[in-house]
Amino acid sequence: MDGLFHASRLASDSTGGVYRVGLPETSEVFSGGHLLADVDGPLTTPWRVLAMGPLKTVMESTLGTDLAAPAVAVDKARLKPGPASWSWALLKDEGTVYDVQKRFIDYAANMHWPYTLVDADWDRKIGDAKMKELADYAKTQGVGLMAWYNSSGAWNDTEYSPKSALLTKEARAKEFARLKAIGIKGMKIDFFGGDGASMQAYYVDLLKETSAAGLLLNFHGATLPRGWARTYPNLMTTEAVKGFEFATFSQEDQDKVVRHAAMLPFARNLFDPMDFTPMVFANIPNIKRATRNGFELAESVVFLSGIQHYAETPEGMATVPAFVKQLLRELPRHWDEVRFLDGEPGKFVVLARRAGKQWFVAGMNADDTPREVQLDLSWLGKRQGQLITDGAGEREFAESQLAAPAASLTLVPHGGFVARFRQ
């Protein structure tokens, strides 16, 4: 997807089991822009991709990114993936103030996380001068700031700001210079308008120009990235999913999140980074959480995102044992290999991820009953691993050992685990 063609999807109507390619709706355009591909000369369509085969073949495939264009030239020293603290998930708009953001910087530093995301309305509630103070302070703590932006335009009537600052190349250059002067490392750009060709061109312009400016990028409220993270390595993550925030708005969505989360590794997160914003161990305001703590911890390994924006607050993280915090401090910033071990979409999943010579195995059970899983860990030889699972209580953890080459585990309902095998 190079900005010349509209994006497509499978149409929701599949009468008789026949799926058709659906086009974007007429509103899915950049202000005044065109909907469908319109080029001079020969028209070359983008790839349409189907990954077919046994679950292991599909889950370990890289087809979706292999067909994207090779990476553009980029300053690799600036490409630093890793977790971020983020106040908005649980504190919402009221948390975007100076004192709260400084507390979340301290939280990120304590957890050895490289980023803090400052969300919508920072320009009005904090302002450039105090934002620079935050960025300067964060730098002393080894933390970089990400800043939220509104994509704006006629497709978007939200009032959140900064707004209408990215609509032309000249405006974007001015804004990128502003961010660099403040000391911001990257942007979260939200509320995009869909899949029309002119909107695709807007995404690609943002990708090219932030890459050249040395800024990291997160597309939120956005379309599927369709391999863009390969072509533009500064694209750390993209939402394009009904993520954790939806499960904070209503109990109905919270009750659905368990099976939804157990489906995502097989679908949305199969090829592309996903900004689900996972992981809460304590309470969600006005909501009864449906997941156990082991399930939440497993999301930190199962879900793939260049910057993993964790939803938990400093106060919630203080409720978990030291061995859990230590694991989250030491999780790798990127992965070298993935292995699918077991699972069924919407029911359960067990994945193994390698970083260097370390392996992490994680699993989630979306069922209302316990599930026995048999794990073939023969590639690990006879290594012993640290195992973190759900404890006896609803919000408790337990720590033990897991031995290769074969292991049997019982996953509690709505629970999960993470196992770590060092060299």
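Up top is the structure.
Residues numbered from 1 in each chain as written. Predicted model: local features only at pLDDT ≥ 70, side-chain atom pairs only at ≥ 80, totals over all residues. Heavy atoms only, no water.

**Student:** I would appreciate a short explanation of the overall build of the protein chain in the present structure.
**Tutor:** Per the secondary structure count, the protein chain includes 13 helices and 17 strands. A compact globule built from 423 residues would reach a C-alpha radius of gyration of about 22 Å, and the protein chain, at 21 Å, matches this within 12%. For the protein chain, the C-alpha atoms occupy an extent of roughly 60 × 55 × 40 Å along the three principal directions. Contacts in the protein chain between residues at least 24 apart in sequence constitute 71% of all its contacts with a sequence separation of at least 6. (Helix = DSSP H or I, 4+ residues; strand = E, 2+ residues; numbered from the N terminus. Rg over C-alpha atoms; globule rule 2.2 N^0.38 Å. Contact = heavy atoms within 4.5 Å.)

**Student:** What's the story with the pattern of salt bridges in this structure? I'm lost.
**Tutor:** A pair can form between side chains of opposite charge whenever their charged atoms are brought close. Tallying each qualifying case throughout the model produces 26 salt bridges. Here R178 makes a salt bridge to D128, at a shortest N to O gap of 2.7 Å. Of this pair, R178 sits in helix α7 (residues 169–182) while D128 sits in helix α6 (residues 127–140), and the two are 50 residues apart along the sequence. The partly exposed category is assigned to R178, whose relative accessible area is 24%. The partly exposed category is assigned to D128, whose relative accessible area is 31%. The residue R172 makes a salt bridge to D205 at a minimum N-O spacing of 3.9 Å. Here the residue R172 occupies a position in helix α7, and D205 occupies one in helix α8 (residues 197–213), the gap between them amounting to 33 residues. On the accessibility criterion, R172 (4% relative accessible area) is buried. Taking the relative accessible area as the measure of exposure, D205 reaches 32% and is therefore partly exposed. The structure contains a network of salt bridges with shared partners spanning R9, E28, D195 and R226. (Salt bridge = Lys/Arg side-chain N within 4 Å of Asp/Glu carboxyl O. Buried < 20%, exposed > 50% of the residue type's maximum accessible area, 1.4 Å probe, protein only.)

**Student:** What is the right way to look at the nonpolar core in this model?
**Tutor:** Buried together is how nonpolar side chains tend to be arranged in soluble globular proteins. If you look at the biggest cluster of nonpolar residues, it comprises 104 residues, and the most contacted ones within it are W122, F219 and L328. Discounting chain neighbours no more than four positions away, the residues touching F219 are I189, F192, Y203, L206, L207, W228, L235, T237, T238 and E239. With 18 residues, the next largest nonpolar core counts F348, L387, L409 and F421 among its residues. (Core = buried A, V, L, I, M, F, W, Y, C linked by side-chain atoms within 4.5 Å.)

**Student:** Would you mind showing me how to read the sheet that holds strand β10 (residues 337–344) here?
**Tutor:** Pairing between sheet strands relies on hydrogen bonds along the backbone, with the strands arranged either parallel or antiparallel. Reading across the sheet, the 6 strands line up as β10-β11-β12-β17-β14-β15 and stay open at both edges, with antiparallel pairing between neighbours. Of all the strands in the sheet, just β10 and β15 (397–403) have a single pairing partner and so form its edges. Averaged over all pairs of adjacent strands, the angle between strand axes in this sheet comes to 15°, irrespective of strand direction. Sheet analysis places strand β12 (residues 358–365) next to strand β17 (residues 416–421), joined by 6 bridges and oriented antiparallel. (Pairing = 2+ DSSP bridges. Axes fitted to C-alpha atoms, helices over the stretch in contact; angles between N-to-C directions.)

**Student:** I tried to follow the side chain of N234 on my own but got confused; where do I start?
**Tutor:** Within the secondary structure layout, N234 lies in the loop between α9 (228–231) and β8 (235–238). Apart from residues no more than four positions distant in its own chain, N234 is found in contact with L79, L207, T210, S211, L215, L216 and L217.

**Student:** Can you help me understand the sheet that holds strand β9 (residues 307–310) in this one?
**Tutor:** Read across the sheet, 7 strands follow the order β8-β7-β6-β5-β4-β3-β9 without closing on themselves; strand pairing throughout is parallel. The sheet terminates laterally at β8 and β9, the two strands that pair on one side only. Pairs of neighbouring strands in the sheet enclose a mean axial angle of 25°, with direction left out of account. Here α8 sits on the sheet in contact with β6 (186–190), β7 (216–219) and β8, set at roughly 160° to β7.

**Student:** Before we go on, may I ask you to explain unusual backbone geometry in this structure?
**Tutor:** A cis amide bond, omega 5°, links S161 with the succeeding residue P162. Here P162 shows up in the loop between β5 (144–150) and α7. A cis amide bond, omega 15°, links A404 with the succeeding residue P405. The phi dihedral of R226 is positive, around 50°, even though this residue is not glycine. Inspection of the secondary structure assignment puts R226 in the loop between β7 and α9. Under the relative-accessibility criterion, R226 is labelled partly exposed at 22%.

**Student:** Would you explain the packing of aromatic side chains in this entry?
**Tutor:** Two aromatic rings are characterised by how far apart their centres lie and by the angle between their planes. Per the stated rule, a full pass over the model turns up 23 aromatic pairs. Pairing W335 with F360 gives two aromatic rings, centres 5.5 Å apart and planes at 70°, and the pair type is edge-to-face. With W335 in the loop between α13 (322–330) and β10 and F360 in strand β12, the pair connects residues that are 25 residues apart, well separated along the chain. The residues W335 and F360 share a single accessibility class, namely buried. Ring pairs connect the aromatic residues F30, W155, F192, Y202, Y203, F219 and W228, which therefore count as one cluster. Above the face of the W88 ring, K92 is positioned so that its terminal group lies 4.7 Å from the ring centre. In this arrangement the basic side chain of K102 is found over the ring face of Y137, its NZ or CZ atom lying 4.6 Å from the centre. (Phe/Tyr/Trp six-rings, centres within 6.5 Å; stacked < 30°, edge-to-face > 60°. Lys NZ or Arg CZ within 6 Å of the ring centre and 35° of its normal.)

**Student:** I'm lost on α6 in this one. Help?
**Tutor:** Residues lying three or four places apart along an α-helix face the same way, a consequence of the helix completing one turn every 3.6 residues. The end-to-end C-alpha distance of α6, which contains 14 residues, comes to 20 Å, matching closely the 20 Å that a straight helix rising 1.5 Å per residue would cover. Of all the residues in α6, the buried ones are G127, M131, L134, A135 and A138. Viewed end-on, α6 has its buried residues packed into an arc of 100°, placing them on one side of the element. Residues of α6 that are exposed and angled more than 90 degrees away from the buried face: A129, K139 and T140. Against α4 (98–110), β4 (115–118), α5 (122–125), β5 and α7 lie the buried residues of α6. Residue G142 follows α6 closely and has a positive phi angle near 75°. (Expected span 1.5 Å × (residues − 1). Arc of directions from axis to C-beta.)

**Student:** Would you explain helix α10 (residues 251–263) in this entry?
**Tutor:** Between its terminal C-alpha atoms α10 stretches 19 Å, which fits the 18 Å expected from 13 residues at 1.5 Å a residue. Of all the bends in α10, the largest measures some 45° and sits at V257. Those residues of α10 not exposed but buried are Q254, V257, V258, A261 and A262. Turning to α10, the residues buried within the fold contact α11 (293–302), β10, β11 (348–355) and β12. (Bend = angle between axes of the 7 residues up to and from the residue.)

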